[in-house]
Amino acid sequence: MESKLPLFIVTGASGSGKSYVIQDLRRIMPEFDIFDPDHPVDFVGHDWEKIRNIWLRVARNIAESGRMTIICGTMMPWDIEKCADFSFFKHVYYLNLHCHDVTREKRLRERNWPEEEIQNHLNFAARLLEIAGEAYNPPMPTIDTTETDVTQVALQIKEWVHQYTRGNECPD
């Protein structure tokens with residue numbers, strides 16, 4: 001690969017809207033390949049290390065074709081940095097989707113999640129907000145999805161991505 005391209009990860013705790021926004025992102029950002037990393041779980045199980053490595057390999061292959069990737073899934077920098085293909089990217093940027101606890105709890109209950117897992121994700125969501133400025137470089141911005149229309153969330157993600165790509169390697 002002659003010049004490295006960035007990789008974009010839209011992260012967040014379960015129930016924040018990561019999977020929900022993908023369809024709108026694909027519609028408004030056709031120049032990007034956009035994926036939900038949870039899809040291979042049916043085939044490889046819950047081996048998250050393997051899943052992360054698969055998605056970075058896919059994103060690397062896409063980058064070698066001159067296109068960029070957005071992965072919408074819960075991925076943390078310290079896990080991504082361990083992936084075999086991490087060094088093939090110019091930079092990995094993170095954005096956090098977040099919603100209020102009551103909304104998250106409602107969304108997860110609608111999925112029939114057990115109480116303990118709901119509490120774990122409420123705590124994880126709070127932790128993401130706490131570390132956004134210190135564990136991410138650049139600091140990880142957050143989009144609140146509590147009452148924001150999914151198309152507006154997608155437009156905000158597009159604006160975030162384009163701040164790192166406009167005038168450089170991103171086709172418009």
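Residues numbered from 1 in each chain as written. Predicted model: local features only at pLDDT ≥ 70, side-chain atom pairs only at ≥ 80, totals over all residues. Heavy atoms only, no water.

- Looking up the chain in an unreviewed UniProt entry gives the name Nucleoside kinase, with the organism given as Paenibacillus shunpengii.

**Structural notes on the packing of aromatic side chains**
Piece 1. This model, assessed by the stated rule, comprises seven aromatic pairs.
Piece 2. Centre to centre, the rings of tyrosine 93 and tyrosine 164 are 3.9 Å apart; their planes meet at 20°, and the pair counts as stacked. Of this pair, tyrosine 93 sits in strand 4 (residues 89–98) while tyrosine 164 is found in helix 7 (residues 150–165), placing the two residues 71 residues apart along the sequence.
Piece 3. For tyrosine 93, a relative accessible area of 14% puts it in the buried group.
Piece 4. Relative to tyrosine 164, the ring of tryptophan 160 has its centre 6.3 Å away and its plane inclined at 85°; by these criteria the two rings are edge-to-face. One end of the pair is tryptophan 160 and the other is tyrosine 164, both in helix 7 and four residues apart, which spans about a single turn.
Piece 5. Take tyrosine 164: its relative accessible area is 22%, and that puts it in the partly exposed class.
Piece 6. Each residue in the set Phe8, Phe32, Tyr93, Trp160 and Tyr164 is aromatic and connected to the rest through ring pairs, giving one cluster.
Piece 7. Sitting above the plane of the phenylalanine 88 ring, arginine 60 keeps its charged end 3.5 Å from the centroid. (Phe/Tyr/Trp six-rings, centres within 6.5 Å; stacked < 30°, edge-to-face > 60°. Helix = DSSP H or I, 4+ residues; strand = E, 2+ residues; numbered from the N terminus. Buried < 20%, exposed > 50% of the residue type's maximum accessible area, 1.4 Å probe, protein only. Lys NZ or Arg CZ within 6 Å of the ring centre and 35° of its normal.)

**Side note on empty space enclosed by the protein**
Piece 1. Here the structure, examined in full by the defined rule, presents one cavity of 30 Å³ or more.
Piece 2. Taken as a whole, the largest cavity spans an internal volume of roughly 30 Å³.
Piece 3. Lining the largest cavity, in full, are Val92, Tyr93, Tyr94, Asn137, Pro138, Pro139, Pro141, Trp160 and Tyr164.
Piece 4. For the lining of the largest cavity, the leading source of residues is strand 4, giving three residues.
Piece 5. In terms of residue class, the lining of the largest cavity is made up of eight nonpolar, one polar and no charged. (1 Å grid on protein atoms, 1.4 Å probe; cavity = no way out; pocket = protein on both sides within 12 Å on 5 of 7 lines; lining within 4 Å. Points joined across faces, edges and corners; volume = space filled by probe spheres on them. Nonpolar A, V, L, I, M, F, W, Y, C, P; charged D, E, K, R; others polar.)

**Topic: the side chain of threonine 145**
Piece 1. Looking at where threonine 145 falls in the secondary structure, it is placed in the loop between strand 5 (142–144) and helix 7.
Piece 2. Of the polar contacts made by the side chain of threonine 145, one reaches the backbone oxygen of serine 16; its length is 2.6 Å. (Polar contact = N/O pair within 3.5 Å; in protein donor to acceptor, adjacent residues only side chain to side chain.)

**A few points about the pattern of salt bridges**
Two side chains with opposite charge may pair up if their charged atoms get near one another.
Piece 1. This structure, assessed with the given rule, holds 10 salt bridges.
Piece 2. The closest approach of N and O atoms between aspartate 85 and arginine 57, which form a salt bridge, is 2.5 Å. Of this pair, aspartate 85 sits in the loop between helix 4 (77–80) and strand 4 while arginine 57 is found in helix 3 (residues 48–64), placing the two residues 28 residues apart along the sequence.
Piece 3. Judged by relative accessible area, aspartate 85 falls into the buried class, the value being 2%.
Piece 4. Across the salt bridge formed by arginine 109 and glutamate 115, the nearest N and O atoms sit 2.9 Å from each other. (Salt bridge = Lys/Arg side-chain N within 4 Å of Asp/Glu carboxyl O.)

**Some words on the layout of surface pockets**
Over the atoms rolls a probe the size of a water molecule, and its path tells where empty space is left.
Piece 1. Here the largest pocket defines a volume of roughly 750 Å³.
Piece 2. Taken together, 32 residues form the lining of the largest pocket, with Ser14, Gly15, Lys18, Asp38 and Thr74 sitting closest to its centre.
Piece 3. Elements with a minimum of two residues in the lining of the largest pocket: helix 1 (18–28), helix 3, helix 6 (115–131) and helix 7.
Piece 4. Among the elements that make up the lining of the largest pocket, the one with the highest residue count is helix 1 (four residues).
Piece 5. Among the residues making up the lining of the largest pocket, the classes are represented as 13 nonpolar, 11 polar and eight charged.
Piece 6. Volume-wise, the second largest pocket comes out at about 160 Å³.
Piece 7. Lining the second largest pocket are Pro77, Glu81, Phe86, Phe89, Lys90, His91, Val92, Tyr94, Ala135, Tyr136 and Asn137.
Piece 8. For the lining of the second largest pocket, the leading source of residues is strand 4, giving five residues.

**Things to note about the packing of helix 5 (residues 101–110) against helix 6**
A pair of packed helices is characterised by two quantities: the angle between their axes and the separation of those axes.
Piece 1. Orientation of helix 5 relative to helix 6, taken along the N-to-C sense of each, is 145°, at an axis distance of 10 Å. The interaxial crossing formed by helix 5 with helix 6 has right-handed handedness. Packed against helix 5, whose contacting residues are Asp101, Arg104, Glu105, Leu108 and Arg109, the element helix 6 presents Glu115, Ile118, His121, Leu122 and Ala125 at the interface.
Piece 2. For the contact of helix 5 with helix 6, a count of residues per class yields four nonpolar, one polar and five charged. (Axes fitted to C-alpha atoms, helices over the stretch in contact; angles between N-to-C directions. Left-handed = near helix turned anticlockwise from the far one by under 90°. Contact = heavy atoms within 4.5 Å.)

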